[in-house]
Amino acid sequence: MSETLPQLLGESAERRSRFIADNLRRIFVQIYRIVGNVEDAQDLTQEAFIKALQRSEQIRDTKKAAHWLSRIATNTAIDFLRRRGRVDFTGVDELTEPLCAPSGESPEQIVLRSERREYLEEGLAQLTVRERTALVLRDVEGLPAEEVARRLNCSKATVRSHIANARIKFRRYLERRQA
Amino acid sequence: MKHVHETDLALYAGGDLPLWRRLLISLHLKRCTDCRREAEYFRAERDFVTDAAIELPRELAWNDLAGEMRANIQLGLEAGECVTPVRRPEPKLGWRAAVALTSATLVIVSGWLWLLPHPSTAKVEGVVLSATADGIELLDAGNTLTLKHTSAEPAILSVSVEGGMSEHYVDDETGMVTINNVYVQ
């Protein structure tokens, strides 16, 4: 055996840290888009990572691990919404620290980004939990309808119906905003 | 001209319709400006959601939040390791080991049975002397001769390696010690 136990433990800790760093933002945003508030998204992101890392042998293949983590994150968020039975869209305003804009962004771009973010959050708030989850998984995560159906535990036809309703409702909202 | 239903256009924009319906709608869109505009609108909306959804929430101090989450994840993992019972690997018995163990068990059991004392089934041949409650009994080819003693008290018997048997007892009537010696030849 060429590696000692401390070496192996060190590598494992390093791999774990890298795995968290590579996926934290993506998973947080994914969960946030489903549950709709920062505090719950934070708790659920932590829960998803802990669940995933407790089976650390699964994180050897980075690409598969990212997909697997994404699945755990979705299931954790959906389970949470099922348990709670409702969605709370408050919480974001409680965090008052200003967002640091990426360097090189003009004031116009910052305003535009802020506006887009607002449109998205308010638009998603118009949807039911299932419509929003289906839309996020399909249009943001890019999952095929079959996979979305599996995650939501419903038929593919139901998923299509949720996605169509979500896009139509979102469109109505954008039209109202522009009017 | 009959227009495409809004639901179908919403699904068409995301490529969520079966092939044949997608083809039918594509043909229709080539001829219908209104439906084409609607489809474009849905497509733009979908692109908007896809792009905007990766943005972090408004007024969120991401670096602070990320640091807090990393620390909490680490803490959660360490707490989990503390409460998880240590799993010892269960010894696996391969088929070779199982065969060897069974064979060894069979050998041991067979040896033990072999060494157990068996009741003698051999036929006794020749003259046999035996002590009974009445006295000394001599058996020879199915015939029995018993040398009885007359004492109420138990007699003292002794056997010699030459094949003889001796009996001592006190005669109840005379009070004399009587000794009977029987030899087999």
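Whatever comes next refers back to the structure up there.
Rules used in this analysis
Residues numbered from 1 in each chain as written. Chains lettered and ligands numbered in written order. Predicted model: local features only at pLDDT ≥ 70, side-chain atom pairs only at ≥ 80, totals over all residues. Helix = DSSP H or I, 4+ residues; strand = E, 2+ residues; numbered from the N terminus. Buried ≥ 20, exposed ≤ 12 C-beta atoms within 10 Å, placed from the backbone. Contact = placed C-beta atoms within 7 Å. Axes fitted to C-alpha atoms, helices over the stretch in contact; angles between N-to-C directions. Parallel < 35°, antiparallel > 145°, perpendicular 65-115°, else oblique. Left-handed = near helix turned anticlockwise from the far one by under 90°. Nonpolar A, V, L, I, M, F, W, Y, C, P; charged D, E, K, R; others polar. Pairing = 2+ DSSP bridges. Expected span 1.5 Å × (residues − 1). Arc of directions from axis to C-beta.

(A) Region of the structure containing the overall build of chain B. Scanning chain B for helices and strands turns up 5 helices and 6 strands. If you list the helices and strands of chain B from N to C, you get α-α-α-α-α-β-β-β-β-β-β. Per-residue burial over chain B gives 15% buried out of 185 residues. A separation of at least 24 residues holds for 32% of the contacts in chain B among residues at least 6 apart in sequence.

(B) Here's a closer look at the packing of helix α1 (residues 6–13) of chain B against helix α3 (residues 33–52) of chain B. All names here are of chain B. One can describe the packing of α1 onto α3 by two numbers: an axis separation of 8 Å at closest approach and a directional angle of 50°. Taken together, α1 and α3 sit at an angle that is classed as oblique. Seen along the crossing, α1 lies across α3 with a hand that is right-handed. Between α1, through Leu9, Ala10, Tyr12 and Ala13, and α3, the contact on the second element is made entirely by Cys35, Glu38, Ala39, Phe42, Arg43 and Arg46. Partitioned by chemical class, the residues of the contact of α1 with α3 number 7 nonpolar, no polar and 3 charged.

(C) View of the sheet that holds strand β3 (residues 143–148) of chain B. Residue and element names in this part refer to chain B. The 3 strands are arranged β1-β2-β3 in an open sheet whose pairing can be described as antiparallel. Bordering the open sheet on either side are β1 (128–131) and β3, each of which pairs with just one other strand. On average, adjacent strands in this sheet sit at an angle of 20° to one another, irrespective of strand direction. By the bridge criterion, 6 bridges tie strand β2 (residues 135–140) to β3 in an arrangement that is antiparallel. Residue pairing in the sheet places isoleucine 136 in a bridge with leucine 147 of β3.

(D) Quick look at the pairing of strand β6 (residues 177–182) of chain B. Residue and element names in this part refer to chain B. In terms of burial, β6 is a largely surface element, 0 of the 6 residues being buried. Bridging between strand β5 (residues 165–170) and β6 involves 6 bridges; their strand directions are antiparallel. Across the sheet, residue histidine 168 finds its bridge partner in β6, namely isoleucine 179. Linkage of β5 to β6, two consecutive antiparallel strands, is achieved through a turn of 6 residues, within which glycine 175 is found at a positive phi near 75°.

(E) Molecular detail of the interface of chain A and chain B. Every contact between the two is made by 39 residues of chain A and, on the other side, 32 residues of chain B. At the level of secondary structure, the elements contributing two or more residues to the side of chain A that touches chain B comprise α1 (5–35), α2 (38–53), α4 (107–125), α5 (129–140) and α7 (156–178) of chain A.

(F) A look at the pairing of β5(B). Residue and element names in this part refer to chain B. With 4 bridges joining them, strand β4 (residues 156–159) and β5 adopt antiparallel strand pairing. Residue valine 159 lies in a different strand from β5, and its bridge partner there is methionine 165. Adjacent in sequence and paired antiparallel, β4 and β5 are bridged by 5 residues, among which glycine 163 carries a positive phi angle near 105°.

(G) Main features of unusual backbone geometry. Residue and element names in this part refer to chain A. Here the phi dihedral of asparagine 153 falls at roughly 60°; this positive angle occurs in a residue that is not glycine. For asparagine 153, the position within the fold is in the loop between α6 (145–152) and α7. Judged by the 10 C-beta atoms lying within 10 Å of it, asparagine 153 falls in the exposed class.

(H) The environment of A:Thr45, seen in detail. Structurally, A:Thr45 is set in helix α2. Distance from A:Thr45 to A:Ala77, taken between C-alpha atoms, is 8.7 Å for residues 32 residues apart in sequence. Among residues more than four places away in sequence, those in contact with A:Thr45 are A:Ile27, A:Phe28, A:Ile31 and B:Met69.

(I) Highlighting the environment of B:Leu145. Residues and elements named next belong to chain B. Mapped onto the fold, leucine 145 is located in strand β3. The class for leucine 145 is exposed, based on 11 C-beta atoms found within 10 Å. With 16 residues separating them in the primary sequence, leucine 145 and leucine 129 have C-alpha atoms 9.6 Å apart.

(J) How the structure looks around α4(A). Residues and elements named next belong to chain A. With 19 residues, α4 extends 27 Å between its outermost C-alpha atoms, agreeing within 8% with the 27 Å of an ideal straight helix rising 1.5 Å per residue. Among the residues making up α4, those that are buried are Leu120, Gly123 and Leu124. Take α4 and look down its axis: the buried residues cluster within an arc of 95°, on one side only. Facing away from the buried surface of α4 by more than 90 degrees, the exposed residues are Pro107, Glu108, Val111, Glu115 and Ala125.

(K) Summary view of the sheet that holds β4(B). All names here are of chain B. Spatially, the 3 strands line up as an open sheet ordered β4-β5-β6, and their pairing is antiparallel. With one partner strand each, in any of the chains shown, β4 and β6 form the two edges of the open sheet. The sheet shows a mean angle of 15° between the axes of neighbouring strands, taken without regard to direction.

(L) Region of the structure containing α2(A). A rise of 1.5 Å per residue sets the reference length of α2(A), with its 16 residues, at 22 Å; its end C-alpha atoms lie 22 Å apart and thus fit the reference within 8%. Inspection of α2(A) places A:Val38, A:Asp40, A:Ala41, A:Leu44, A:Thr45, A:Gln46, A:Glu47, A:Ala48, A:Phe49, A:Ala52 and A:Leu53 among the buried residues, and these make up the whole buried set.

(M) Local environment of the packing of α5(A) against α7(A). Residues and elements named next belong to chain A. In contact at an axis separation of 8 Å, α5 and α7 are set at 95° when each is read in the N-to-C sense. Put simply, α5 runs roughly perpendicular to α7. Of α7, the residues touching α5 (which contributes Arg130, Glu131, Arg132, Ala134, Leu135 and Arg138) are Val159, His162, Ile163, Asn165 and Ala166. Considering only residue class, the contact of α5 with α7 consists of 5 nonpolar, 2 polar and 4 charged.

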